[in-house]
Amino acid sequence: REKLKNEIYTTPYTQEEALKKIISTLLEQNKIDGAIIVGEDHWKSLSLIIKDKDDLKTETHENNYKESPLKALEELGKLDLERIAIAALPCQIRGFRKIQYFPYLAKHDLEQSKQGKPIKIPEIKYLIGQFCTDKYNYGDMTQVLKDEGIDLNKVKKFKLEVPKLKIDTTEKTYTLPLKPIHMNEGCKLCDDYEAELADISLGVSENNTTSIIIRKDELDLFKNILDLTPDTEDLPKNKREHKKNRF
């Protein structure tokens, strides 16, 4: 088992900026050959393949998406990348830890793909967790927006204010009932807000502050790179406890 610490900091960078700095630094220092970032395109969850620093530029994303992190992992194996980092949600981080640790899943050179064909997967060197409260059904969301006449392409931000959903667009702000948009089933059983099994985690905490949690000594290098300040208030606490206290 990993001997993980749990040091909480804040950074002046946004979550997206901090994540890109982490990935680009690992690439620059030759610690990894590529990466997978679980993100979204038009608010739909997708996995972005990073082969070099240029792939971190927004304008290059379009052709680098895969529908799932596992498909992205398979693709990086086809590209003969040997060491990678994965930035993902807490539930996905748990799955990738299993791929790292269990010999019958990850210690052979060739694995069996969904189609039953041998595939090669890269070594997962670093797991980067992204804070997560819950995920909601994409189909439900798009239907609600369609019914309300809201253009998804104009949405800037969704904010949960249970039992309401606040939607900021380029034109105006809407407040709609959350009830028609169902939470994904797996989220109902999850109590992990900060991706506790990740080597380093990041996300937005109280007052829109970006929090960074370092759990491995070798990643202390990001204290300077991300201009980290120790978090003496434990800003992620409220959201962490809210998620754990649901059970």
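Scroll up for the structure.
Since this is a predicted model, take the numbers as computed values, not measurements.

(A) Representation of the overall build of the protein within the structure. Of the regular secondary structure elements, the protein holds seven helices and 14 strands. Counting across all 247 residues of the protein, residues that qualify as buried make up 43%. For the protein, the share of sequence-separated contacts (at least 6 apart) that also reach a separation of at least 24 residues comes to 65%.

(B) Fine view of the packing of aromatic side chains. Enumeration according to the criterion identifies one aromatic pair in this entry. Ring plane angle 45° and centroid distance 5.0 Å describe the contact between Phe131 and Tyr193, whose orientation is recorded as tilted. Here Phe131, found in the loop between strand S8 (123-130) and helix H5 (138-148), pairs with Tyr193, found in the loop between strand S11 (173-177) and strand S12 (200-204); they are 62 residues apart in sequence, far enough to count as distant. Residue Phe131 is classed as buried on the basis of its relative accessible area, which comes to 11%.

(C) Spotlight on the nonpolar core. Formed by 27 residues in total, the largest nonpolar core has its most connected members in Ile23, Ile37, Ile50, Ala85, Ile128, Ile200 and Ile212. Going through the elements one at a time, helix H1 (15-28), strand S2 (34-41), strand S3 (44-50), strand S5 (83-88), S8, S12 and strand S13 (210-214) are the ones with two or more residues in this core. Per element, the largest residue contribution to this core is six residues, and it comes from H1. Leave out the neighbours within four places in its chain, and Ile212 touches Glu7, Ile8, Tyr9, Thr11, Ala18, Ile200, Ser201, Leu202, Leu226 and Leu228. Formed by 19 residues, the second largest nonpolar core is a distinct cluster that contains Ile49, Leu81, Ile84 and Ile99.

(D) Representation of the pairing of S8 within the structure. Among the eight residues that make up S8, six are buried, leaving the element largely enclosed by the rest of the structure. Pairing of S5 with S8 involves six bridges; the strand directions are parallel. Bridged to Ala85 within S8 is Tyr126. Inspection of the sheet shows S8 paired to S12 by three bridges, in the parallel sense. Considered in S12, the bridge of Gln130 is made with Leu202.

(E) Region of the structure containing unusual backbone geometry. Look at the link from Val162 to Pro163: it is a cis peptide, with omega at 10°. Within the secondary structure, Pro163 is located in the loop between strand S9 (155-161) and strand S10 (164-169). The phi dihedral of Ala195 is positive, around 55°, even though this residue is not glycine. Relative to the assigned elements, Ala195 resides in the loop between S11 and S12. At Asn207, a residue that is not glycine, the phi angle is positive and equals roughly 60°. Take Asn207: it is sitting in the loop between S12 and S13.

(F) Focus on the sheet that holds S9. Spatial ordering of the open sheet is given by S9-S10-S11, a layout of three strands whose pairing is antiparallel. Single-partner strands in this sheet number two, and they are S9 and S11. Sheet twist, expressed as the average angle between the axes of neighbouring strands with direction ignored, equals 20°. Direction of pairing for S9 relative to S10: antiparallel, over a ladder of six bridges. Looking at the pairing, Leu160 lines up with Leu165 of S10. In the packing of H5 onto the sheet, contacts are made with S9, S10 and S11, and the angle to S9 comes to roughly 110°.

(G) Structural view of the pattern of salt bridges. For the structure shown, the criterion picks out 22 salt bridges. For Asp55, the salt bridge goes to Lys51, with nearest N and O atoms at 3.3 Å. Under the relative-accessibility criterion, Asp55 is labelled buried at 8%. Several salt bridges share partner residues, and in doing so they unite Lys5, Glu7, Asp217, Asp220 and Lys223 into one network.

(H) Here's a closer look at the environment of Ile167. Checked against the element boundaries, Ile167 lands in strand S10. For the pair Ile167 and Val155, spaced 12 residues apart in sequence, the C-alpha separation works out to 6.9 Å. Residues in contact with Ile167, not counting those within four places in the same chain, are Leu145, Ile150, Val155, Lys157, Phe158, Lys172, Thr173, Tyr174 and Leu176.

Criteria and thresholds
Residues numbered from 1 in each chain as written. Predicted model: local features only at pLDDT ≥ 70, side-chain atom pairs only at ≥ 80, totals over all residues. Heavy atoms only, no water. Helix = DSSP H or I, 4+ residues; strand = E, 2+ residues; numbered from the N terminus. Buried < 20%, exposed > 50% of the residue type's maximum accessible area, 1.4 Å probe, protein only. Contact = heavy atoms within 4.5 Å. Phe/Tyr/Trp six-rings, centres within 6.5 Å; stacked < 30°, edge-to-face > 60°. Core = buried A, V, L, I, M, F, W, Y, C linked by side-chain atoms within 4.5 Å. Pairing = 2+ DSSP bridges. Axes fitted to C-alpha atoms, helices over the stretch in contact; angles between N-to-C directions. Salt bridge = Lys/Arg side-chain N within 4 Å of Asp/Glu carboxyl O.

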